[in-house]
Structures are given as structure tokens and as C-alpha cells.
Amino acid sequence: MVNLLTPDADTVAPRSILFIGGTGVISTAAAQRAVALGHRLTILNRGRSTRPVPEGAEILTADVRDASAVRVALAGREFDAVADFITYTPDQAKASLDLFGGRTGQYVFISSASAYQKPPTTLPIRESTPLKNPFWQYSRDKIACENLLYEAYREQDFPLTVVRPSHTYDRTKIAMVGGWTDIHRMRAGLPVMVHGDGTSLWTLTHSQDFAKAFVGLLGRPQAVGESYTITSDEYLPWNQIYQLFARAAGVPEPELVHVASQTIAAHSSELGANLLGDRSHSVVFDNTKIKSLVPGYRATIPFADGAREIVQWYDANPGLQVVDQQFMELSDKLTAWARSGA
């Protein structure tokens, strides 16, 4: 069990914090840490998630897309910080601006490190790296949200902070493209498709590590107007990521077959957007800026431990071991094609 508290946790002044969402991969860990540190946490969502909410958090049930319902739920309330985990499009960002302007000392927009220039022209990636992703609509929408909110910061003094996480996971999230289906294939002795040549570098961050830095910037006035990348400092080639999953699954020698990302994209537009817009590019991040604001931040969970945690979770919950037949067929087709040398 990872300790959510830091050695100087008792010196943290309690803050009034609102999470919009609060039950996703990164927001659940952040909620747990916020409560553990003694902050007064309110979570507003639709109340449909099966993820647990930490004891001590206040729960408000409302759909953030229903502005009138949110205004009723938050009537007369103000917060030191509002963290918005579920805004994805400019229209949603505009609605959040209208809802939370004048209600908080800091509005934290969770963007995405996939918004950074793809392919990157220099590594490591820093907050000064340009935002440009011609491959993935999700990333372009996040960029558009940032532009709209930064305009409000400049012209209306809207107290914006932008956070850009990269691939953040917990025990429920398998990092391989095929998810559980890839582990199933490994254990069945079937070839597993790896995009590219497997040597591009990737950064995976445990949600509990992310939470250390994220909660540390909440309610900090010097963070207003700024953007922060929050990731682990560990980076691994994709071949090694797949091998770590195989080892955790008890498969010492998986058959990894390399297929060009463009080829996968030609057969699956859904997979292709994510691969070409993010995973096929090497990403190494510089976390100097967030460490300067939250000096105690250090990611301490290596992915070798994370992969074991994930596989153990799925093995303990066989009902979650869903094999995607469409991905099985795609893997069979493309690995056979790659092995044939066609």
C-alpha cells in the first residue's frame, strides 16, 4: 500500500476544494490524497461511478452539463480551488467558465500531454513545447479548451491553472493497446502486436504518484496563469512495457510482433488516432516546473511494480477479463501479415 501522505503532511493548511468528476483514474487518487491531507473536499458528479469516494468527502449529485442543476447544487458556495477532470471540448470549457468564474480562487483544467507537438522536435518535452497535434481530435479539442480558458485568464482575470498529465494508470488500466486481450494472447501462446519497432520511449505514471503533485498545487496562487506537466521521470521502450506485462502474467518469453502504426491505423481508425497522435512517438518529460512548486514531489512507483499490480487485480477479478474478439481478429491478421514479410 502506497502512503498517500508526505512527511510534512501535517503542515498543509486545509483548503476548500471542489472536484468536477472525482471518480476517474487520476481524480480518484487525487481525492484520496486531498482527504488524507485534511483538505475539505467536495465532489460533484452524476453519482454513477462504481469507484469508491473517500470517507470524509462531501458528495453533490448533479450533471455538470446541466448548468441550472449545478448552480442549485453550488448555491452560495465558493472554493479555494476547483479541479475540472471532465471538460473535453471548447463548448464544455465555455460552460465551465460561466459556472465557476467568481466562485473559486483557482480553476484547474486537466488537459493532456498529448496536446504537445507531435512528433516532438526536441526532447525532453517541457511546458514551453508547442501545442500541436494534427493526428488526434481529442488532443486538438484539449488545445482549443486551453486557448479559450487562457483568453479568459488574460482578459477577465479568470484564475486558470492548466495541468497536462501523460499516460496515467491505476490497477484497472492495462497500458497495452489491446488491454486484457493482449494478456490473454500472451498466456495462450499467441503472437502479440506491438506498434512500430517497439523502441520508441513511453512514460507511464501511477495515479498515486500523479496525486502527490496535483494536490500540492491546489489553492496555490502562484500557479494561476501557469501550466504544469505532471508525469513520472521513468521512461521505457514499448518492447519492455510489453515484456513487463508478460512477466507479471507468468509468460517469460512472449512473441512480440512489430507492426507499423500506420498499418494498424489503416485497419482501425480508432486505434490509429491514438497511436499516430500519441503512443507512436517517444515522449520524455521534464518535471522541473512542477517540482519547483511542489518541492516534495517525486514519482516513486516504477512501472515494473505497476504492471504486477494490474495483472494481480485482473487475476483477482476474472469478470473483468474481457477478450475483444474484434481485436483478436485484427491481431491475428496483422501479426500473420508481418511475420510473412509481405
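Residues numbered from 1 in each chain as written. Predicted model: local features only at pLDDT ≥ 70, side-chain atom pairs only at ≥ 80, totals over all residues. Heavy atoms only, no water.

> So what exactly am I meant to see when it comes to the packing of helix α1 (residues 25-36) against helix α6 (residues 207-217) here?
Two measures define how a pair of helices packs: the angle their axes make with one another and the distance between the axes. Where α1 contacts α6, the two axes come as close as 8 Å, and the packing angle between them is 60 degrees. As judged from the angle between their axes, α1 and α6 are oblique. Crossing handedness for the pair α1 and α6: right-handed. Residues Val 25, Ile 26, Ala 29, Ala 30, Arg 33 and Ala 34 of α1 form the contact with α6, whose own contacting residues are Ser 207, Gln 208, Phe 210, Ala 211, Lys 212, Phe 214 and Val 215. A class-by-class count of the residues in the contact of α1 with α6 yields nine nonpolar, two polar and two charged. (Axes fitted to C-alpha atoms, helices over the stretch in contact; angles between N-to-C directions. Helix = DSSP H or I, 4+ residues; strand = E, 2+ residues; numbered from the N terminus. Parallel < 35°, antiparallel > 145°, perpendicular 65-115°, else oblique. Left-handed = near helix turned anticlockwise from the far one by under 90°. Contact = heavy atoms within 4.5 Å. Nonpolar A, V, L, I, M, F, W, Y, C, P; charged D, E, K, R; others polar.)

> Teacher, can you tell me more about the pairing of strand β2 (residues 40-45) here?
On a regular strand, one side chain projects to one face of the sheet and the next to the other, so that they alternate. Burial of β2 is extensive: five of the six residues sit out of reach of the surface. In this sheet, β2 lies alongside strand β1 (residues 16-20) in parallel orientation, the contact comprising five bridges. Within β2, the residue paired with Ile 20 across the bridge is Leu 44. Viewed along the sheet, the connection from β1 through α1 into β2 turns out right-handed. Relative to strand β3 (residues 58-61), β2 is paired through four bridges, and the arrangement is parallel. Bridging from a neighbouring strand, Leu 44 pairs with Leu 60 of β3. (Buried < 20%, exposed > 50% of the residue type's maximum accessible area, 1.4 Å probe, protein only. Pairing = 2+ DSSP bridges. Right-handed = clockwise from strand over helix to strand, strands pointing away.)

> How should I be thinking about the sheet that holds strand β5 (residues 107-110) in this particular structure?
By definition, the strands of a sheet pair up through backbone hydrogen bonds, in either a parallel or an antiparallel sense. Pairing is parallel in the open sheet, where seven strands are placed in the order β3-β2-β1-β4-β5-β6-β11. Taken across any chain shown, the strands that pair with only one partner, and hence form the sheet edges, are β3 and β11 (227-230). The mean inter-strand angle of the sheet, taken between neighbouring strand axes irrespective of direction, is 20 degrees.

> Please clarify how the environment of Ala 36 should be interpreted in this entry.
Relative to the helices and strands, Ala 36 is located in helix α1. Between the C-alpha atoms of Ala 36 and Met 328, which are 292 residues apart in sequence, the distance is 42 Å.

> I would appreciate a short explanation of the packing of helix α7 (residues 238-248) against helix α11 (residues 303-316) in the present structure.
Their axes nearest at 9 Å, the elements α7 and α11 cross at an angle of 45 degrees. Judged on the interaxial angle alone, α11 and α7 are oblique. Along this stretch, α7 crosses α11, giving a crossing that reads as right-handed. Together, Ile 241, Leu 244, Phe 245 and Ala 248 of α7 and Phe 303, Ala 304, Ala 307, Arg 308, Ile 310 and Val 311 of α11 make up the contact between the two elements.

> Quick question: what am I supposed to make of the pattern of salt bridges here?
Close approach of charged atoms allows side chains of opposite charge to pair. Following the criterion strictly, the structure yields 12 salt bridges and no others. The closest approach of N and O atoms between Arg 164 and Glu 146, which form a salt bridge, is 2.8 Å. A residue pair is termed long-range when its members are at least 10 positions apart, and Arg 164 in strand β6 (residues 160-165) and Glu 146 in helix α4 (residues 137-156) qualify at 18 residues. For Arg 164, a relative accessible area of 3% corresponds to the buried category. Judged by its relative accessible area of 1%, Glu 146 falls in the buried class. A salt bridge links Asp 332 to Arg 185; the nearest nitrogen and oxygen atoms lie 2.9 Å apart. Taken together, the positions of Asp 332 in helix α12 (residues 325-340) and Arg 185 in helix α5 (residues 180-187) put the pair 147 residues apart, joining distant regions of the chain. For Asp 332, a relative accessible area of 37% puts it in the partly exposed group. (Salt bridge = Lys/Arg side-chain N within 4 Å of Asp/Glu carboxyl O.)

> Could you clarify how one ought to interpret the side chain of Asn 274 in this entry?
You can see Asn 274 is positioned in helix α9 (residues 269-279). For Asn 274, the side chain forms a polar contact with the side chain of Arg 279, separated by 3.0 Å. Sequence-distant contacts of Asn 274, defined by excluding residues within four places in its chain, comprise Trp 136 and Arg 279. (Polar contact = N/O pair within 3.5 Å; in protein donor to acceptor, adjacent residues only side chain to side chain.)

> Just checking my understanding: could you explain α4 for this structure?
Given 3.6 residues per turn, any residue in an α-helix points the same way as the ones three and four places further on. Under the 1.5 Å per step criterion, the end-to-end length of α4 is 28 Å for 20 residues, consistent within 8% with the ideal 28 Å. For α4, the complete set of buried residues consists of Ser 139, Lys 142, Ile 143, Cys 145, Glu 146, Leu 149, Tyr 150 and Ala 152. Tucked into the core, α4 has its buried residues touching α3 (90-100), β5, β6 and β11. Residue Asp 157 follows α4 closely and has a positive phi angle near 60 degrees. (Expected span 1.5 Å × (residues − 1).)

Remember, this is a structural readout, not a statement about activity or role.
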